[in-house]
Amino acid sequence: MKNVLLCVTGSIAVYKAAELANRLTKAGYNVDTVMTRSAEEFVTPLTFQTLTGNKVHTAMFELYDIDPQVEHISLGKKADVCIVAPATANIIGKIAAGIADDMVSTVIMALDHAPIYICPAMNTKMYINPIVQKNIKDLSALGYRFIESRESRLACGDVGIGAMANVEDIINTIETYLQGM
Ligand SMILES: Cc1cc2nc3c(=O)[nH]c(=O)nc-3n(C[C@H](O)[C@H](O)[C@H](O)COP(=O)(O)O)c2cc1C
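Residues numbered from 1 in each chain as written. Predicted model: local features only at pLDDT ≥ 70, side-chain atom pairs only at ≥ 80, totals over all residues.

### Let's talk about the sheet that holds strand β2 (residues 30-35)
Here five strands make up an open sheet; going across it, the order is β2-β1-β3-β4-β5 and the pairing parallel. Only two strands of the sheet have a single partner each, and these edge strands are β2 and β5 (145-146). Sheet analysis places strand β4 (residues 116-120) next to β5, joined by two bridges and oriented parallel. Bridging across to β5, tyrosine 117 finds its partner in arginine 145. Running over the sheet, helix α1 (residues 14-26) touches β1 (3-8), β2 and β3 (81-87) and is turned about 170 degrees from β1. (Pairing = 2+ DSSP bridges. Helix = DSSP H or I, 4+ residues; strand = E, 2+ residues; numbered from the N terminus. Contact = placed C-beta atoms within 7 Å. Axes fitted to C-alpha atoms, helices over the stretch in contact; angles between N-to-C directions.)

### Some remarks on the packing of α1 against helix α3 (residues 45-52)
Their axes nearest at 9 Å, the elements α1 and α3 cross at an angle of 15 degrees. In this view, α1 runs roughly parallel relative to α3, as classed from their interaxial angle. Every pair of crossing elements has a handedness; the one defined by α1 and α3 is right-handed. Within the contact between the two elements, α1 uses Ala18, Ala21, Asn22 and Thr25 and α3 uses Thr47, Phe48, Leu51 and Thr52. (Parallel < 35°, antiparallel > 145°, perpendicular 65-115°, else oblique. Left-handed = near helix turned anticlockwise from the far one by under 90°.)

### Overview of unusual backbone geometry
Cis geometry is found at the peptide bond from alanine 85 to proline 86, where omega equals -10 degrees. By the element assignment, proline 86 lies in strand β3.

### Considerations on the site of the ligand
Residues in close proximity to the ligand total 15 residues, the closest being Gly10, Ser11, Thr36, Ser38 and Thr88. Looking at the shell around the ligand residue by residue, the classes come out as eight nonpolar, seven polar and no charged. (Near = placed C-beta within 6 Å. Nonpolar A, V, L, I, M, F, W, Y, C, P; charged D, E, K, R; others polar.)

### Considering the nonpolar core
With 54 residues, the main nonpolar core has Leu6, Cys7, Cys82, Ile83, Val84, Ala85 and Cys119 as its most contacted residues. For isoleucine 83, the contacting residues outside a window of four places in its chain are Val4, Leu6, Cys7, Tyr117, Cys119, Ile170 and Ile174. (Core = buried A, V, L, I, M, F, W, Y, C linked by C-beta atoms within 7 Å. Buried ≥ 20, exposed ≤ 12 C-beta atoms within 10 Å, placed from the backbone.)

### Looking at the pairing of strand β6 (residues 150-153)
Pairing between β6 and strand β7 (residues 159-163): four bridges, direction antiparallel. Each residue of the ladder has a partner; that of serine 152, found in β7, is glycine 160. Linkage of β6 to β7, two consecutive antiparallel strands, is achieved through a turn of five residues, within which glycine 157 is found at a positive phi near 100 degrees.

### Brief notes about α3
Of all the residues in α3, the buried ones are Thr47, Phe48, Leu51 and Thr52. Buried residues of α3, seen end-on, are gathered within an arc of 110 degrees and therefore sit on one face of the element. Glycine 53 sits one or two positions beyond α3 and adopts a positive phi of about 75 degrees. (Arc of directions from axis to C-beta.)

### Here we look at the packing of helix α5 (residues 89-97) against helix α8 (residues 130-141)
Where α5 meets α8, the axes come as close as 9 Å, and the angle between the chain directions of the two elements is 50 degrees. As judged from the angle between their axes, α5 and α8 are oblique. The two elements α5 and α8 meet at a crossing, and its hand is left-handed. In this structure, α5 uses Ala89, Ile92, Gly93, Ile95 and Ala96 to contact α8, whose residues at the interface are Val132, Asn135, Ile136, Asp138 and Leu139. Broken down by class, the residue content of the contact of α5 with α8 amounts to seven nonpolar, two polar and one charged.

Written as structure tokens, this is what we have:
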């Protein structure tokens, strides 16, 4: 069974990540979810745990119950592919700057063998901010793969670029990669 590592950050598009987790699990992939503290403000880990059948990882510093493992390393080692969906301006900036100060950014920092697909989701003004665009450009040059945002009516009411790619398109991209492995 192929392993998908799903990193979820604090955007209103988190509900679409739940759909993504559901569809990937039903398609036969093992999905391990890691969430930021902000993502938990939108949807609880219980949603992802129930949809994937796996424990959801949120905190860096946890006492082990049964199986002592350094999770930010073991999760990365296990992954065949990593998806950051939705990806906030913040996580894109943190990855670009080499910051590892929570479970999501640390897992990503420790991942060296599997491709990382980033699905940006943010307000148009944030998306076109030159710093965000520079971070996307820099990360693309380093081999990070971006699944492009769409133009849409955004949750804030604005219409423009920044909406997360459709779940369908994300799944197609990931399956194309996994089937070609
Ligand atoms: C209602 C609401 C919606 C938000 N949606 C987004 C979003 O779509 N994209 C984004 O980059 N930030 C969004 N934010 C701001 C992030 O949650 C904030 O920058 C946070 O620090 C991100 O943390 P994380 O990257 O660790 O998850 C939103 C905040 C709120 C309150």
